[in-house]
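Notes for the structure review
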Amino acid sequence: METLVEGKNLKAYYVLEFWGKKRTIRAVDNVSLKIFSGEIYGIAGESGCGKSTLLKTLLANLEPPLRLFGGELNYWLDSKPVNVVSLKEEERRRLKWRFISYIPQGSMHVLNPVKRIRDTFMEILKSHVRRQKETFLEMAIEHLKALGLPSRVLDMFPHQLSGGMRQRVTIALATLLKPRIILADEPTTALDVVAQRAVIQLIKKIQKELKNTIVLVTHDMGIHAQVTTRMAIMYAGKIVEEGPTLEIFKEPLHPYTRYLIQSLPRVGDKQLREGIPGSPPSLVSPPSGCRFHPRCPHATQRCEEEEPVFLEVNPGHRAACFLLGG
Ligand code: SF4
Ligand code: MG
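Before going into details, it helps to say that this report is about the structure given with it.

Rules and cut-offs
Residues numbered from 1 in each chain as written. Chains lettered and ligands numbered in written order. Predicted model: local features only at pLDDT ≥ 70, side-chain atom pairs only at ≥ 80, totals over all residues. Helix = DSSP H or I, 4+ residues; strand = E, 2+ residues; numbered from the N terminus. Expected span 1.5 Å × (residues − 1). Buried ≥ 20, exposed ≤ 12 C-beta atoms within 10 Å, placed from the backbone. Arc of directions from axis to C-beta. Contact = placed C-beta atoms within 7 Å. Near = placed C-beta within 6 Å. Nonpolar A, V, L, I, M, F, W, Y, C, P; charged D, E, K, R; others polar.

What follows is about helix α6 (residues 193–210). Here α6 spans 26 Å end to end across 18 residues, near enough to the 26 Å set by a 1.5 Å rise per residue. Taken as a whole, α6 has its buried residues at Gln-196, Val-199, Leu-202, Ile-203 and Ile-206. On an axial view of α6, the arc spanned by its buried residues comes to 120 degrees, and they lie on one face. Exposed and facing more than 90 degrees away from the buried side of α6 are Val-193, Val-194 and Lys-208. The inward-facing, buried residues of α6 abut α5 (163–174), β8 (213–217) and α7 (221–227). Lys-211 sits one or two positions beyond α6 and adopts a positive phi of about 50 degrees.

The following block contains the structure:
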């Protein structure tokens, strides 16, 4: 598989100042990953584990208080690595929409409430496509049709659409210029089950039609199971397991992943599933050794003192836990 994005030892921290005191939140702490061309790569974990920050880092969207403290980020454009962090603002902007597209959490903000959807579509086309203006409307209609969305939405204002349709329109907008990679942050959160299903189907359809790469952040393991091809599980700023989604669900290696899968509701369940004991740690002063040790039923003295290495246990399936050796 062809590598499209490669992050090496990424450290992205928020540096906040309160009354003259500095606080550093280690939201992404030494994360390495490779994203391949044409896959749907999922990033999972409880809220506050660094998923959204990792996505922002992958976008090189590092605005204060977020800063890159270490590591390297390369995008393989035309088979050559490009260090996107060192690009000038202008060069990065040129990559946006065409090469990289971002669907932020609560993406309703992407649509301008006082503009018809049509105008937002036209604006993007005008600023990025060198073609006769008369063809723009046609392009927008064609794109919506290809994604199975009604073209009448173009005449509407965002508030006239349901939450689910608004989200699908936002995704259509993000894919208008057929970017090679789309990074989406919790695109289904806050939607009802029916709307969630529609958004999931849309994401799958986009990947099939455009054959592009999608990075999907969601805390919802059920969605990862349905959509992603490979996935990473994050805990307290680190990736603790990564592998093919099917394999992770069949044979989770890390105790934390097992908890996440166990807490999924199942068809026919009458009772609430068991949650994960304890709560996620602070990223200002994370636990020593294995960061999961205060919540892990298998923790030993060693887990408190040493950090387990990220080991490849099966081909392409890695995890960081002393139970797996290392
Ligand atoms: Fe649990 Fe230790 Fe494995 Fe961490 S390294 S997950 S504390 S057994
Ligand atoms: Mg988030």
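After presenting the structure, the write-up continues.
With omega at 10 degrees, the peptide bond leading from Pro-64 into Pro-65 counts as cis. Checked against the element boundaries, Pro-65 lands in the loop between α1 (51–58) and β4 (66–77). For Ala-190, which is not a glycine, the phi torsion comes out positive at approximately 75 degrees. Within the secondary structure, Ala-190 sits in the loop between β7 (181–185) and α6.

Looking at ligand 1, the residues that line it are Pro-255, Cys-290, Phe-292, His-293, Cys-296, His-298, Ala-299, Cys-303, Pro-308, Cys-321, Phe-322 and Leu-323. Among the residues making up the shell around ligand 1, the classes are represented as 10 nonpolar, two polar and no charged.

These results come straight from atomic positions and should not be treated as a statement about function.
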